[in-house]
Amino acid sequence: MWGEIMELSFRTMMYVGCGCFVGGVLRYITAVLITTGWGITETDMPWHTLFINFIGCLFMGIFCALGVHGLVESPNVRAALMTGLCGGYSTLAAFALENTFLFRAGNHLTAAGYITATLVGSIICFILGYLAASCLTRG
């Protein structure tokens, strides 16, 4: 999976686009449910984006392991799941924007906590997803 040459084809772009559409819609739904449910504003800790990034990294780890272990053999399906779905669902662009709001509002400690939690938590979630999928594929 990792050593293969990626091919830029219309078919693959369609797979990625479809995955990205689904990921983007799921991201929007998740963000709305969390922000409205918890009353989060732009100067609060962005719990919705933190949760979205963790879940996105967890599933990226799962899909990566499934590809490595040969359970998702199609490069188009892997592209749809990893680049499309996970990329559309979890983006660090929102992370950068929200940290800018936090810093501009003077919430430096919240921003530092958010940056640290995002980086450490995302790596941990990726590893957990990878290990969980690897354990399930060994059966």
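Description of the packing of aromatic side chains
- Following the criterion strictly, the structure yields three aromatic pairs and no others.
- For the pair Phe95 and Tyr114, a centre-to-centre distance of 5.2 Å together with 55° between the ring planes defines the contact as tilted. One end of the pair, Phe95, is in helix 4 (residues 92-104); the other, Tyr114, is in helix 5 (residues 108-137), and 19 residues separate them in sequence. Pair check on accessibility: Phe95 and Tyr114 agree, each one buried.
- Each ring, one from Phe126 and one from Tyr130, has its centre 6.4 Å from the other, and the planes form 25°; the classification is stacked. Residue Phe126 and its partner Tyr130 are located together in helix 5, separated by four residues, close to a single helical turn.

Re the nonpolar core
- Phe63, Cys64, Ala65, Leu66, Val72, Met82, Cys86 and Ala133 together form the largest nonpolar core, which totals eight residues.
- The element best represented in this core is helix 2 (residues 47-68), accounting for four residues.
- Filtering out sequence-adjacent residues up to four positions away, Val72 remains in contact with Leu66, Gly67, Val77, Arg78 and Leu81.
- Core analysis: the next-biggest nonpolar cluster, separate from the first, contains six residues, Leu50, Leu102, Ala111 and Tyr114 among them.

Digging into a nonpolar patch on the surface
- Together, Phe21, Val22, Val25, Leu26, Tyr28, Ile29, Val32 and Leu33 make up a nonpolar patch on the protein surface, roughly 760 Å² of accessible area in all.
- Looking at the secondary structure, you find Leu33 in helix 1 (residues 10-38).

Digging into helix 3 (residues 75-89)
- The end-to-end C-alpha distance of helix 3, which contains 15 residues, comes to 20 Å, matching closely the 21 Å that a straight helix rising 1.5 Å per residue would cover.
- Buried within helix 3 we find Asn76, Arg78, Ala79, Ala80, Met82, Gly84, Cys86, Gly88 and Tyr89.
- Along its buried surface, helix 3 packs onto helix 1 and helix 2.

Notes on the side chain of Ser122
- Positionally, Ser122 belongs in helix 5.
- With relative accessibility at 11%, the residue Ser122 sits in the buried group.
- Engagement of the side chain of Ser122 in a polar contact is seen with the backbone oxygen of Thr118, the distance being 2.6 Å.
- Every residue in contact with Ser122, bar those within four places of it in the chain, is listed here: Asn53, Phe54, Cys57 and Ala117.

As for helix 1
- Taking 1.5 Å per residue, 29 residues should reach 42 Å; helix 1 reaches 41 Å between its end C-alpha atoms and fits that length.
- Among the residues making up helix 1, those that are buried are Thr12, Gly19, Gly23, Arg27, Thr30, Ala31, Ile34 and Thr35.
- Among the structural elements, helix 2, helix 3 and helix 4 are those in contact with the buried residues of helix 1.
- Among the residues trailing helix 1, Gly39 stands out with phi positive, at a value near 65°.

Calculation notes
- Residues numbered from 1 in each chain as written.
- Predicted model: local features only at pLDDT ≥ 70, side-chain atom pairs only at ≥ 80, totals over all residues.
- Heavy atoms only, no water.
- Phe/Tyr/Trp six-rings, centres within 6.5 Å; stacked < 30°, edge-to-face > 60°.
- Helix = DSSP H or I, 4+ residues; strand = E, 2+ residues; numbered from the N terminus.
- Buried < 20%, exposed > 50% of the residue type's maximum accessible area, 1.4 Å probe, protein only.
- Core = buried A, V, L, I, M, F, W, Y, C linked by side-chain atoms within 4.5 Å.
- Contact = heavy atoms within 4.5 Å.
- Patch = residues over 30% accessible without salt bridge, like charges linked within 9 Å, V, L, I, M, F, W, Y side chains within 5 Å.
- Areas by Shrake-Rupley, 256 points an atom, 1.4 Å probe, with all protein chains shown as cover.
- Salt bridge = Lys/Arg side-chain N within 4 Å of Asp/Glu carboxyl O.
- Expected span 1.5 Å × (residues − 1).
- Polar contact = N/O pair within 3.5 Å; in protein donor to acceptor, adjacent residues only side chain to side chain.

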